[in-house]
Structure formats: structure tokens, C-alpha cells
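Here's the letter readout for the chains.
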Amino acid sequence: MTDTTHTQPIPPGRAARQRSPEFRFAADALRGLRQDLFHDAFAYRPLPPAEPGGRFTRRGSERMREYGAWAPHAAVVVLAGMGAFLALASTHGAGPAAVLCALLAAAPVLLTLVRPAGAFWVSLAANTVALFLSGGSSGESPFPPGGFVAHLAVLTVVAVRTRPRTAAWMWLLTAAYGVLADGLFGPSDFGYGSDLGPLLFFAGVALLTVAIRQTLRQARREVSVHQTVTAHERSRRTLLEERTTIARELHDVVAHHMSVVAIQAEAAPYRVENPPPELEKAFATIRENAVAALTELRRVLGVVRAQDYEAPDAPQPTLADLDALLANVRDAGLDVTKTVTGAVRELPQGVELSAYRIVQEALSNTLRHAPGADAKVEIGYVLGGLGLRVVNGAPPAPGLIKPSPGAGHGITGMRERVSMLNGEMTAAPTAEGGYEVAVFLPVPATAPSEGEA
């Protein structure tokens, strides 16, 4: 008896997925190096002006803020000048070689303004040429004084303009270049005459500082984005909660009218002697439709009703209950007065309920945000509708007012009620330091009223 082992062929691409984690890490690292410092290294990427509201553009006159937007460019030019000056001073002469060394020190720093990744390679090449030209006259290698400052400036500026990963690659490549150049142009160890160690130390500190700063800035940016999204979701949830509350309150209003329609449709045939069958059938259809509408209305209300919602025992309030509301507010410490203009008449129940809730919320905001201030409630009955105005004065001690923990439901709820009735609303601070809410709710001229009955 023999056992036969069948070896399944490895599909193409499976071997790549079976690589070791070390190999994948190295491949990803080399891919990052190619992407950061080789791919489009000399692409044109000009340094933009500083953003408005930044460190250099938030203070001073308008002209100073305009000039401050170019402060990063000026700093790069100053660093290039420092490198050129040290290159001239270290060559101990003013000949063509000294001038060329100064240009080789300044050019890579200036190139960071338009081609940051390419400036790194140009800095290494320029430093190599400067070593040939100086012939060791500066006494230090592999970076003469001018090249030392210039390359350190290039590393810092490129790190600021790119990502932390690029800064790490530049530091490692600088170390490899320094070891190679130190073996060719200087001593074989890092003792006297070699400035590679100090350069790597200062470059490491600068690049680490830049990386931490960029990481913190990215974290703050992400936090700001999350806060914006959270605020948007909170506003949206507040809006939905207010609409749900309005739907619950208007349920009683609509249910009352539909119940009246059903009762009148059922009783109407008995008010007419010997009604025709067509009339009885029409009233029966009206009643059936009214009952069906009530059933659907209760079903919809059950969807939007919260689990802890309890139906109110008392009927929904109207403007006739406003005096009781004002009395409760006065007991809470708010000095409020009411003024009514125009011919008082009965309005549609939805308008009465919304007007009552708007006044209630406006006075609640006064108690919450302006304790100790007085308030005025003005109600105007006009031909085309109802006008409301609730205004409060400035609080006597604004410095003692604590921030309210509310989520901004008040203004949102008022606007939703006004929008539901196709009305208009303004809410803004007054010149005296108080706050004013002005609302107009249109009412059709054919609306029933007690004065016309």
C-alpha cells in the first residue's frame, strides 16, 4: 500500500502574498523612498504664502499682514545668505572658487522654495563639488561650514514642506552620504575634522521637532474635522427631535378635527327627514375615510413617539393660556409684560399652539441666558395673520452668567414651527445688549373666528 501526495500548484501571485513580514516591511520602505524622493523629485511645487490668521498674518496693519504672508520665503532667503556667507568666509579668499562655493551653498536652499525634493539631491551634489573646489582648505569634512548650514537648512525646509517619513529618509541618506564622503575626502573615523556627527545630531533634532509639529497639526486638523462632523450631526439630530416634538403636539389638533368630521358625518343623515340613499352613502364614506385617517395618524405617531413619551392629559395650550405662562415666568423671577394690539380673534388651533410654544421658548431662553433682565411680549392681530415679538433687555451682570449646557434646541424649534406655517422669523441681539425674537404667522382670511360667527 502506497501513499500518494498530491501537491497543488501555487497560483501566480500567491508567492508574493506568502512573503515574510520583514520582506514586506522592506519593500514598503523602499516604495516609500521612491515615492518621496525619486518620483517627480524635481516637480514644480512652489511654497504658497502663509495662510490668513496664521502666526505672521494675524496682527498688525493690513500692509504688515500682507508682508507677513511672505515671511517663510524671507526666512529661506536669510538661511541661503547665511550659507553663502559662511562659504565665503571658510575659503579664505575672494576668487572665483570662493564665489562658486558661496553659490553652491545658497542655490539648494533657494531651490526648496519651488522644488523641495529635488533641492535635497542638489544639496548633496553641491556639497560634493564644494569639497572638490575647497580641496580641504576649510579643515572640515564631509560638510564645509557653508555646506553644513545649507544642508541643515535644506533638510529642515524640505521636512516642513513634506511628510515625517521623508524627513527620516533624508536623515538616513545624509548619514550614508557623509560616511562615503568622509572616507573619500576626510579622515576615516568621526574624530577631529569630521562634522558628520554634529550635522546628524542637529539635523535629527530639527527633523524630529518638525515631525512632532506636523503630527500635532495633523491631529488638530482631524479633531477639527471630527468636531465639525459632530456639530453637524448634533444639529441634524436637534432638528429631527424638534420636528418629532411638533408632530406629537399637532397630533391632538388634527385628531380633534378628524374626530369632529367623523361624528358630524355619522349624525348628518339623522338631521334630514327621509334622506336619499346617495346622501347616506356619501356621509358613510366620509365617516369611513375620517376613521381611517385617524387610524393612520395614530400609527404614524407611534413611529415618531419616543419610548419614554407620555401623552399629555390636558389639551394643547393656546394663546388664551398665555397669562398663566407669564404668571409662572414672573414667579421664576422674570419681570415680563404683555401687550396685545388689534382685534383679538380665534385662530386655527395649529397657529395658536405654535404661537404659544414660540413665546414659551423665547421666555425660557431669557431666563437661561439673561437672568435678571426684563422682557416684553407683544402680540399683534393683523388682517393677514399674527405677529409676535419677544424682546428682553441686557442682563444686569453679564459677567456672572454661566454658559448654558443646552444644545440649541430653542431657536431651532421656533424656526421649525414658523417654517411649518410658512411664516417669517428673525432672532438677533439688540443694540442695547438684549435679544429680540420677531415672528409673523400668516393666517388665511377665510379662517373661522368667533368675531365673525
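Heads up: the structure comes first, above all this text.
Residues numbered from 1 in each chain as written. Predicted model: local features only at pLDDT ≥ 70, side-chain atom pairs only at ≥ 80, totals over all residues. Heavy atoms only, no water.

K.L.:
Can you explain the overall build of the protein? Please cite residues and give values.
P.N.:
The secondary structure content of the protein amounts to 13 helices and 5 strands. Each of the 453 residues in the protein was classed as buried or not, and the buried ones make up 34%. The contacts in the protein between residues at least 6 apart in sequence include a share of 71% that link residues at least 24 apart. (Helix = DSSP H or I, 4+ residues; strand = E, 2+ residues; numbered from the N terminus. Buried < 20%, exposed > 50% of the residue type's maximum accessible area, 1.4 Å probe, protein only. Contact = heavy atoms within 4.5 Å.)

K.L.:
Describe in detail the packing of aromatic side chains, supporting the description with residues and values.
P.N.:
Geometrically, a pair of aromatic rings is defined through the distance of the ring centres and the angle of the planes. Taken as a whole and assessed by the stated rule, the structure comprises 4 aromatic pairs. Taking 5.2 Å as the distance between ring centres and 70° as the angle between the ring planes, the aromatic pair formed by phenylalanine 120 and tryptophan 121 counts as edge-to-face. Between the aromatic rings of phenylalanine 201 and phenylalanine 202, the centroid separation amounts to 5.4 Å while the plane-to-plane angle is 70°, which identifies the pairing as edge-to-face. Every member of this aromatic cluster is reached through a ring pair, and the members are Phe38, Phe120 and Trp121. (Phe/Tyr/Trp six-rings, centres within 6.5 Å; stacked < 30°, edge-to-face > 60°.)

K.L.:
I'd like to hear about the nonpolar core, residue by residue, with values.
P.N.:
Ranked by internal contacts, the top residues of the largest apolar core, which has 44 residues, are Leu37, Val109 and Met170. Broken down by secondary-structure element, the contributors of at least two residues to this core are α2 (21-38), α4 (71-91), α5 (96-111), α6 (116-134), α7 (145-161), α8 (164-185) and α9 (196-267). Excluding residues within four positions of it along the chain, leucine 37 makes contact with Ala117, Phe120, Trp121, Thr166, Trp169, Met170 and Leu173. Core analysis: the next-biggest nonpolar cluster, separate from the first, contains 31 residues, Leu319, Val359, Val439 and Val443 among them. (Core = buried A, V, L, I, M, F, W, Y, C linked by side-chain atoms within 4.5 Å.)

K.L.:
Can you explain the pattern of salt bridges? Please cite residues and give values.
P.N.:
Under the defined criterion, the tally for this structure stands at 3 salt bridges. When the shortest N-O distance is used, the salt bridge between glutamate 378 and arginine 389 registers 3.1 Å. Residue glutamate 378 is found in strand β2 (residues 374-382), and its partner arginine 389 is found in strand β3 (residues 385-392); the two are separated by 11 residues along the sequence. A relative accessible area of 29% places glutamate 378 in the partly exposed class. Residue arginine 389 pairs with glutamate 436 through a salt bridge whose shortest N-O separation is 2.7 Å. Of the two residues, arginine 389 sits in strand β3 while glutamate 436 sits in strand β5 (residues 435-442), which places them 47 residues apart along the sequence. Assessed through its relative accessible area of 27%, arginine 389 is described here as partly exposed. Assessed through its relative accessible area of 25%, glutamate 436 is described here as partly exposed. Look at the salt bridges and you will find they share partners, linking Glu378, Arg389 and Glu436 into a network. (Salt bridge = Lys/Arg side-chain N within 4 Å of Asp/Glu carboxyl O.)

K.L.:
So, the side chain of serine 123: which residues are in play, and what are the values?
P.N.:
In this fold, serine 123 is placed in helix α6. Here serine 123 falls in the buried class, since its relative accessible area comes to 4%. In contact with serine 123, not counting residues within four places along its chain, are Pro108, His151 and Val154.

K.L.:
Which residues make up the sheet that holds β2, and what are the values?
P.N.:
Strand order in this open sheet of 5 strands is β1-β2-β3-β5-β4, and the pairing throughout is mixed. Among the strands making up the open sheet, the edge pair consists of β1 (335-341) and β4 (424-429). Along the sheet, successive strands turn relative to each other by an average axial angle of 10°, direction set aside. Judged from the 7 bridges that link them, β1 and β2 form a sheet pairing that is parallel. Within the sheet, the bridge partner assigned to valine 340 lies in β2 and is isoleucine 379. (Pairing = 2+ DSSP bridges. Axes fitted to C-alpha atoms, helices over the stretch in contact; angles between N-to-C directions.)

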